[in-house]
Amino acid sequence: MSADTGATGDAVHTARHSEKPILSVDGLRTAFFTDKETIRAVDGVDFDVRGGETIGIVGESGSGKSVTARSVMGLTKSPGRVLDGTIRFRDPETVAHLADSFGGRTVDVAGLSEDERADATDDDDFVFVEEWDGDEPAAGAVEITRAPDTALRQIRGGGIAMIFQDPLSSLNPVYTVGNQIKEALRIHQGLRGQAATEEAINLLEDVSIPDAARRVSEYPHQFSGGMRQRAVIAMALACEPELLICDEPTTALDVTIQAQILELLDDIQEERGLSIVFITHDMGVMAEVAERLNVMYAGEIVETASIDEVFSNPKHPYTRGLLESIPGRNVGEERLRTIEGDVPTPNEPATYCRFAPRCPEAFAECESVHPVSVSVNEDATDHTAACLLYPEDESRESAVETHRQRGEKSEVTVDE
């Protein structure tokens, strides 16, 4: 992979995905309720992930990236709660498996309109079959926000796997790396004994761990940081997921090891056709891995576009600030450019632009009108920004009114 963060490279971002989303997140709102305040950690997030595609979610710490990932995994725990929105996972094998296991909470929506689907669905239904192959479900969706814990445990790993920033948090120090991979193989592939051991060795070889036959019997503390992260990736692959969520998997690694891990993920994706959601605060890393990018700030996605478009034609002032802070982007300057101030805690309704206090382009209406995602202009329907400066082919007054009206329609009350 190229280390040049000023260009993305056609070889990295080849079109190898299907058009139909494997994951659709719509209007997701996740809040944490404390004695002092309600924190709206994720506040109306929308994005899709297509088969075989890598999408990025980028933003500073505190933007809501990890909470978004945990919401998708069904890992939000008290005092946090998903309040609104849908998270639909469309892996046919997962749909068929859960339809068989949870027949009482499965509904046939094949050929039904949206209104008819609503009438046919009870509040506890979470498996929706949209196409049939004889008596077997061939296509549909699992609504993760409604799924019970027993179903979520089946989805995690087998359908959606997650790699965390600190590999030590995913590895048990008292068990060998091989035993932990074999446990995943037992649960998700039914392998035991010698067959599981051989597959564990194969997985370690797949993630480029040398002398895998010996290292399969070693403990996490005997692995370096980069090798531990490779072992965690091997554990995720043992589950044969369709979607892999990578939550800052290279942040704790040095630059050389980081590049190796990114290249490994790219190779695995190409070989297995994985879909990937890659989360980081580092725009330079995003240039290496993502095809499409979602820029997140204070619980909201403020810009969405292809990675090439974001780097060549960024629109939101926050996105431009992130790009300007990439080391080496402004050669000759004595100091690295930064965005003044900090990400605010989103503890009140978004009745204004949350970035306005830090924005060099803010104007009066930014303090009273909440921007919603709109196409940046009529010719760029796949490039959106939540900023009152857009659509840029409208007058400022007209653009502000567009945001005002759409914001009023989308207002949601957060109740404890």
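None of the values given here were measured: they were computed from a predicted structure.

## Things to note about the overall build of the protein chain
- Across its full length, the protein chain carries 13 helices and 14 strands.
- With respect to the three principal axes, the spread of C-alpha positions in the protein chain is 70 × 60 × 45 Å.
- Relative to its full complement of 416 residues, the protein chain shows a buried share of 51%.
- Of all intrachain contacts in the protein chain linking residues separated by at least 6 positions in sequence, the fraction that spans at least 24 positions is 66%.
- Entry remark: accessible area of the protein chain is about 19400 Å², with carbon and sulfur atoms responsible for 45%.
- Positive and negative charge centroids in the protein chain, built from 37 and 77 side chains respectively, lie 5 Å apart.

## Topic: helix α8 (residues 225–238)
- Here α8 contains 14 residues, and its C-alpha end-to-end distance of 20 Å stays within 8% of the 20 Å for a straight helix at 1.5 Å per residue.
- In the segment just after α8, Glu240 is the residue with positive phi, at about 50°.

## Some thoughts on the packing of aromatic side chains
- For the structure on display, the rule yields four aromatic pairs.
- Seen in terms of ring centroids, Phe102 and Phe126 are 5.3 Å apart; in terms of plane orientation they differ by 70°. Their pairing is edge-to-face. Residue Phe102 is located in the loop between α2 (92–101) and β5 (106–108), and its partner Phe126 is located in the loop between α3 (114–120) and β6 (127–133); the two are separated by 24 residues in the primary sequence.
- Judged by centre distance (5.1 Å) and plane angle (85°), the rings of Tyr297 and Phe355 are edge-to-face. In this pair, Tyr297 sits in strand β11 (residues 292–297) while Phe355 sits in the loop between α12 (317–324) and β13 (374–375), placing the two residues 58 residues apart along the sequence.
- Among the aromatic residues, ring-to-ring pairing joins Tyr297, Tyr318 and Phe355 into one connected group.

## Considering the sheet that holds β11
- Taken together, the eight strands give an open sheet; going across it, the order is β8-β9-β10-β3-β11-β12-β14-β13, and neighbouring strands pair in mixed fashion. Two strands close off the open sheet at either side, each with one partner strand: β8 (160–163) and β13.
- Across the sheet, helix α1 (residues 65–73) lies against β3 (54–58), β8, β9 (243–247), β10 (275–280) and β11, angled at about 150° from β8, the strand it touches most.
- With respect to the sheet, α8 is in contact with β8 and β9, its orientation differing from that of β8 by roughly 175°.

## Concerning the pairing of β8
- The alternating pattern of β8 places Ile160 and Met162 and Ala161 and Ile163 on opposite faces, both of which are buried.
- The sheet contact formed by β8 and β9 spans four bridges and is parallel. Across the sheet, the residue bridging to Ile163 is Cys246, located in β9.

## So, the side chain of Arg230
- Mapped onto the secondary structure, Arg230 falls in helix α8.
- Separated by 3.1 Å, the side chains of Arg230 and Gln260 make a polar contact.
- Aside from chain neighbours lying at most four places away, what touches Arg230 is Val207, Ser208, Ile209, Gln260, Ile261 and Leu264.

## Looking at the nonpolar core
- Ranked by size, the top nonpolar core spans 68 residues in total, and within it Ile181, Ile233, Leu244, Phe278 and Met283 carry the most contacts.
- The element that contributes the greatest number of residues to this core is α8, accounting for nine residues.
- Filtering out sequence-adjacent residues up to four positions away, Phe278 remains in contact with Thr54, Ile55, Gly56, Ile57, Cys246, Pro249, Leu262, Leu265, Val285, Met286 and Val289.
- Of all hydrophobic cores here, the second largest spans 39 residues; its members include Leu28, Ala69, Ile87 and Leu243.

## Overview of α1
- Burial within α1 is extensive, with seven of its nine residues counted as buried.
- Listing the buried residues of α1 in full gives Lys65, Val67, Thr68, Ala69, Ser71, Val72 and Met73.
- At the C-terminal side of α1, Gly74 shows a positive phi close to 70°.

## Details of the confidence of the model for the protein chain
- Scored by pLDDT, the protein chain has a mean of 90; 93% of the residues are at 70 or more.
- Contacts for the low-pLDDT stretch residues 1–15, under 50 throughout, to residues beyond four places or in other chains number 27 contacts.

## Focus on the pattern of salt bridges
- Per the stated rule, a full pass over the model turns up 19 salt bridges.
- The partner of Arg404 in a salt bridge is Glu401, and the shortest N-O contact between them spans 3.3 Å. Note that Arg404 and Glu401 are positioned in helix α13 (residues 396–409) at a spacing of three residues, about one turn of the helix.
- For Glu401, a relative accessible area of 34% gives the class partly exposed.

How each quantity is defined
Residues numbered from 1 in each chain as written. Predicted model: local features only at pLDDT ≥ 70, side-chain atom pairs only at ≥ 80, totals over all residues. Heavy atoms only, no water. Helix = DSSP H or I, 4+ residues; strand = E, 2+ residues; numbered from the N terminus. Buried < 20%, exposed > 50% of the residue type's maximum accessible area, 1.4 Å probe, protein only. Contact = heavy atoms within 4.5 Å. Areas by Shrake-Rupley, 256 points an atom, 1.4 Å probe, with all protein chains shown as cover. Lys, Arg positive; Asp, Glu negative; His and termini not counted. Charge placed at Lys NZ, Arg CZ, Asp CG, Glu CD. Expected span 1.5 Å × (residues − 1). Phe/Tyr/Trp six-rings, centres within 6.5 Å; stacked < 30°, edge-to-face > 60°. Pairing = 2+ DSSP bridges. Axes fitted to C-alpha atoms, helices over the stretch in contact; angles between N-to-C directions. Polar contact = N/O pair within 3.5 Å; in protein donor to acceptor, adjacent residues only side chain to side chain. Core = buried A, V, L, I, M, F, W, Y, C linked by side-chain atoms within 4.5 Å. pLDDT = per-residue confidence, 0-100. Salt bridge = Lys/Arg side-chain N within 4 Å of Asp/Glu carboxyl O.

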